[in-house]
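Structural overview for review
Letter by letter, the chains look like this.
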Amino acid sequence: MKKRRILLVEDEQDIADLVSLHLRDMCDEVVVASDGFGGMRLATTESWSLVILDLCLPGPDGLEICRAIRRNSAYLPILMLTSKSSELDRVLGLETGADDYLTKPFSVLELVARVRAIFRRIENLQFSPEQAHDASQLVTSGNLSIDPSRREVRLDDQLIDLTAREFDLLSYFARNPGRVFRRADLLDEVWGYGHEGYEHTVNSHINRLRAKIEHNPSKPEMIVTVWGVGYKFAAQNSLNVAV
Ligand code: CA
């Protein structure tokens, strides 16, 4: 298995010490940056399995670092820590691409559970080398193809820039064509543990995904709404799902 390296960007020394102490049990290395400058440098120049970002930091804040990471890496998992619930919508919202969040004060066990869920999700959604080889051109729907080994999606041969969550959501749909999912099912399966009450997050991700993959996002043909229930992936002709 690939080495698990976690970057923790947190300016409160007590929290940084406590969190890194607990995370060391489940990964190979935890590196702490105590301000936004160090955090920005480490986040954008080294390779990580997960980045945990405090929102308010001296120097560049968590949102700036998150955006900088997303410019280079669509799929690196990011967990945001925020002390203002008023910031939650921004954290979850359109602009950042964070995968998960916790509001301070949080219990360290809750954080450990979230990190475990993120690793479990990544490892569940990864394919074995054999599967990845077999599925190297997973054609899901006419002109849409998903390459799970590279985590790339192409539409009409154009590479589509998806966040980690958008990729996971689309892959999950594509592996279950025709199946109807409630928003709560998608939260459980794609977001993982602890997102009860955030069904609207699913809607906003689906809207963003549609804007990127549907020819006409207002008349979606791939991710279709099932009124009163949720969503399904409507596989079109030339379906060739290899996983
Ligand atoms: Ca802080």
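For the structure itself, look to the data block above.
Here's what I pulled together on the structure shown here. (Residues numbered from 1 in each chain as written. Predicted model: local features only at pLDDT ≥ 70, side-chain atom pairs only at ≥ 80, totals over all residues. Heavy atoms only, no water.)

1. Quick word on the sheet that holds strand β2 (residues 29–33)
Here is the rule we go by: Whether two strands pair depends on DSSP finding at least two bridges between them. Helix and strand definitions follow DSSP, with helices as H or I runs of at least four residues and strands as E runs of at least two, each counted in order from the N terminus. Note on method: axes are straight lines fitted to C-alpha atoms, helices fitted across the in-contact stretch only, with angles between N-to-C directions ranging 0 to 180 degrees. Two residues form a contact once any of their heavy atoms are found within 4.5 Å.
With parallel pairing, the five strands of this open sheet are ordered in space as β2-β1-β3-β4-β5. Of all strands in the sheet, those with a lone pairing partner are β2 and β5 (100–103), marking the two edges. Each strand of the sheet is rotated relative to its neighbour by a mean of 15 degrees, with strand direction disregarded. Relative to β5, strand β4 (residues 78–82) runs parallel, the two being bridged by four bridges. Across the sheet, the residue bridging to T82 is T103, located in β5. Together, β1 (5–9), β3 (50–54) and β4 form the strand contacts of helix α3 (residues 62–72), whose direction differs from that of β4 by roughly 170 degrees.

2. Some words on the pairing of strand β12 (residues 230–233)
Put simply, side chains in a regular strand alternate between the two faces of the sheet. With three bridges connecting them, strand β10 (residues 180–182) and β12 associate as antiparallel partners. Looking at the pairing, F181 lines up with Y231 of β12. As paired strands, strand β11 (residues 223–226) and β12 are joined by four bridges and run antiparallel to one another. From the neighbouring strand, I223 faces β12, where its bridge partner is F233.

3. Observations regarding helix α2 (residues 36–45)
Which entries qualify depends on this criterion: A 1.4 Å probe rolled over the protein chains alone gives each residue an accessible area, and that area as a share of the maximum for its type sets the label: buried under 20%, exposed over 50%, partly exposed in between. To be clear, the arc concerns the directions from the helix axis to the C-beta atoms. We call two N or O atoms a polar contact when they sit within 3.5 Å, provided that within protein one can donate a hydrogen and the other can accept it, with sequence-adjacent residues counted only if both atoms are side-chain atoms.
All of the buried residues along α2 are G36, G38, G39, L42 and A43. Projected down its long axis, α2 carries its buried residues within an arc of 155 degrees, all on one side. The exposed residues of α2 that point more than 90 degrees off its buried face are F37, R41 and T45. Structurally, α2 contributes buried residues whose contacts are with β1, β2 and α3. Backbone nitrogen of F37 and a side-chain oxygen of the N-cap are separated by 3.0 Å at the start of α2; the cap is D35.

4. What about the packing of aromatic side chains?
Stated formally: Any Phe, Tyr or Trp ring, taking Trp's six-membered ring, that has another such ring centre within 6.5 Å forms a pair; planes under 30 degrees apart are called stacked, those over 60 apart edge-to-face, and the others tilted. Whether a charge sits over a ring depends on NZ of Lys or CZ of Arg being within 6 Å of the ring centre and within 35 degrees of the ring normal.
Throughout the structure, instances matching the rule amount to two aromatic pairs. Taking 5.1 Å as the distance between ring centres and 45 degrees as the angle between the ring planes, the aromatic pair formed by Y172 and F181 counts as tilted. Between F173 and F181 the ring centres are 5.8 Å apart and the planes differ by 75 degrees, which places this aromatic pair in the edge-to-face class. Looking at F173, the relative accessible area reads 0%, which means it is buried. Here a set of aromatic residues connected by ring pairs shows up, and it is made of Y172, F173 and F181. The ring of W48 has R5 sitting right over it, with the charged end atom 4.1 Å from the ring centre.

5. Quick notes on the packing of helix α7 (residues 164–175) against helix α8 (residues 183–191)
Here is the rule: Working definition: roughly parallel below 35 degrees, roughly antiparallel above 145 degrees, roughly perpendicular at 65 to 115 degrees, and oblique for all remaining angles. By the definition used in this description, the sense in which the near helix is turned from the far one sets the handedness, with an anticlockwise turn below a right angle giving left-handed and a clockwise turn giving right-handed. Three categories are distinguished: nonpolar for Ala, Val, Leu, Ile, Met, Phe, Trp, Tyr, Cys and Pro, charged for Asp, Glu, Lys and Arg, and polar for the others, with Gly belonging to the last.
The interhelical angle for the contact between α7 and α8, taken along N-to-C directions, is 115 degrees, at an axis separation of 10 Å. With respect to α8, the element α7 is oriented roughly perpendicular. Between α7 and α8 lies a crossing of right-handed hand. The residues of α8 that touch α7, namely those facing R165, D168, L169, Y172 and F173, are L186, E189, V190 and W191. Here the contact of α7 with α8 is built from residues that sort into six nonpolar, no polar and three charged.

6. Considerations on unusual backbone geometry
Residue K104 is joined to P105 through a cis peptide bond whose omega torsion reads 0 degrees. Structurally, P105 is set in the loop between β5 and α5 (108–125). Here the phi dihedral of D156 falls at roughly 50 degrees; this positive angle occurs in a residue that is not glycine. For D156, the position within the fold is in the loop between β8 (152–155) and β9 (158–160). At D157, a position not held by glycine, the phi torsion is positive, near 70 degrees. Counting through the fold element by element, D157 comes out in the loop between β8 and β9.

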